[in-house]
Amino acid sequence: MKLAARVEQVQPSLTLAIAAKAKAMKAEGMDVCSFSAGEPDFDTPTHIKVAAQKALDEGKTKYGPAAGEPKLRQAIARKLQTDNGLSYMAENVIVTNGGKHSLYNLHMALIEAGDEVIIPAPYWLSYPDMVVLAGGTPVIVQTDASTGYKITPDQLRASCTERTKLFVLNSPSNPTGIVYTPAELAALAEVVVEKDILVVSDEIYEKIIYEGVQQISIGSLGQEIFERTLISNGFAKAYSMTGWRIGYLAGPEKLIKTMSTIQGHSTSNVCTFAQFGAIAALESSQECVEQMRLAFAERRKVMLERLNAISGLSCAKPDGAFYLFINIGKTGLTSLEFCDALLESQQVAAIPGIAFGADDHIRLSYATDMNSIEKGMDRLDKFMRALL
Ligand code: PLP
């Protein structure tokens, strides 16, 4: 069978592959410590589940508008105003099958052959592949610990060409956990406006931040940048709703209408009754979000302390999300070799940094229980002692 040329250039998701291998080992009865998860380990808060159950009982089981339930679009527009200082109407919002789908449809609506999309590395692994699937060219800008894994305004400016259409910004970031400061965002916004490009701000980890760090949306920094900003977000991380598959994108109405047409011919609406759970998530108390954040904060503290005591590894302190991005350069191993050996010899699952464009790193997720963190760190310590 001859497959379409465009799929020859994309790779299956490495994070999903490692998580699947760890799961298979667990199923065989092995005591695996998995730090591969990109999802909170908490159950979805009860009031959100109850709202979806109620919608199901009330017969919200039919097709709905492709762009989402009007009440949910309104609730998201209100949230964007209240939480992020962004003035959108419901018409500026489309509900999608997760944040991933919002970004994918955005690329389908916006990017074509010849278009360049600037992606700072380390990046969330799906960004470059989405650009390729849309026929565009990803322009990867390497960052490292010396700039806190942040793209600088000069790097952004130097990467822009006549063909640059979009800049992908992810703060807090997966995999590094970095959060851009308001001043850093303002400096990047200046370049976006000067070069007259668009920026998509992936804010899916916005609620998971630590130690008083300030999280703001680049789009809130003035009218000129607002007009060039697209917001991608979702319910997966903040409300522990990964399996519900609900995300959204906010931007100019023309773009939202186009994305809605694409959705109308591909997935149609997001699961109708699930959207009522999402309305409850936004319109009820946000205490559940804070409780999960506090649990992550505690785990981050323990894991960082343990990690920093292991010789041969180093890790910048993350300000957000639930990952440690660890430099393994001193081991001389590639990230795949490191992760394979760690899984085989110690039954500890980590994600190789090559998946994020940084082969001298690995990613550990602390969206797991404290017991697994302690046990996994003991094993990582043992692994490193044997290695160096
Ligand atoms: N953006 C980033 C940076 C992510 O890490 C993820 C999920 O891991 C997503 C977007 C997509 O999330 P979802 O499609 O589950 O809403």
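Computed from a predicted structure; not experimentally measured.

Visitor: Run through empty space enclosed by the protein, naming residues and quoting values.
Guide: Any empty space left between atoms is shown by rolling a water-sized probe over those atoms. Counted under the stated rule, the structure contains two cavities of 30 Å³ or more. Estimated volume of the largest cavity: approximately 110 Å³. Around the largest cavity, the lining comprises 15 residues; the ones closest to its centre are Pro120, Pro122, Asn170, Ser173 and Tyr180. Looking at the lining of the largest cavity, the elements that each hand over two or more residues are β3 (116–121) and β5 (164–170). Here the lining of the largest cavity takes three residues from β5, the largest share from any one element. For the lining of the largest cavity, a count of residues per class yields 11 nonpolar, four polar and no charged. Lining of the second largest cavity is provided by Leu169, Ser171, Leu185, Ser201, Asp202, Glu203, Gln215, Ile216, Ser217 and Ile218.

Visitor: Can you break down the pattern of salt bridges residue by residue, with the values?
Guide: Under the counting rule described, the total for this entry stands at 24 salt bridges. Taking the shortest distance from any N to any O, the salt bridge between Asp31 and Lys375 comes out at 3.1 Å. With Asp31 in the loop between α2 (14–27) and β1 (33–34) and Lys375 in helix α14 (residues 370–387), this pair connects stretches of sequence that are 344 residues apart. Look at Asp31 and you get partly exposed, because its relative accessible area is 41%. The salt bridge partner of Lys79 is Asp83, with a shortest N-O separation of 3.9 Å. Of this pair, Lys79 and Asp83 are both found in helix α4 (residues 70–84), four residues apart, which corresponds to roughly one turn of the helix. Lys79 gets classed as buried once you look at its relative accessible area, which sits at 9%. On the basis of relative accessibility, which here comes to 39%, the residue Asp83 falls in the partly exposed class.

Visitor: Can you tell me about helix α12 (residues 287–308), naming the residues and giving the values?
Guide: Given a rise of 1.5 Å per residue, 22 residues ought to cover 32 Å, and the 32 Å separating the end C-alpha atoms of α12 matches this to within 8%. Buried within α12 we find Cys288, Val289, Met292, Arg293, Phe296, Arg299, Arg300, Val302, Met303, Leu304 and Leu307. Here the buried face of α12 lies against α3 (46–57), β9 (314–315), β10 (323–327), β13 (361–365) and α14.

Visitor: Quick rundown of the environment of Asp154? Include the residues and the values.
Guide: Within the secondary structure, Asp154 sits in helix α7 (residues 153–159). For the pair Asp154 and Arg300, spaced 146 residues apart in sequence, the C-alpha separation works out to 32 Å. One polar contact links Asp154 to Arg157, side chain to side chain, over a distance of 3.3 Å.

The rules behind these values
- Residues numbered from 1 in each chain as written.
- Predicted model: local features only at pLDDT ≥ 70, side-chain atom pairs only at ≥ 80, totals over all residues.
- Heavy atoms only, no water.
- 1 Å grid on protein atoms, 1.4 Å probe; cavity = no way out; pocket = protein on both sides within 12 Å on 5 of 7 lines; lining within 4 Å.
- Points joined across faces, edges and corners; volume = space filled by probe spheres on them.
- Helix = DSSP H or I, 4+ residues; strand = E, 2+ residues; numbered from the N terminus.
- Nonpolar A, V, L, I, M, F, W, Y, C, P; charged D, E, K, R; others polar.
- Salt bridge = Lys/Arg side-chain N within 4 Å of Asp/Glu carboxyl O.
- Buried < 20%, exposed > 50% of the residue type's maximum accessible area, 1.4 Å probe, protein only.
- Expected span 1.5 Å × (residues − 1).
- Contact = heavy atoms within 4.5 Å.
- Polar contact = N/O pair within 3.5 Å; in protein donor to acceptor, adjacent residues only side chain to side chain.

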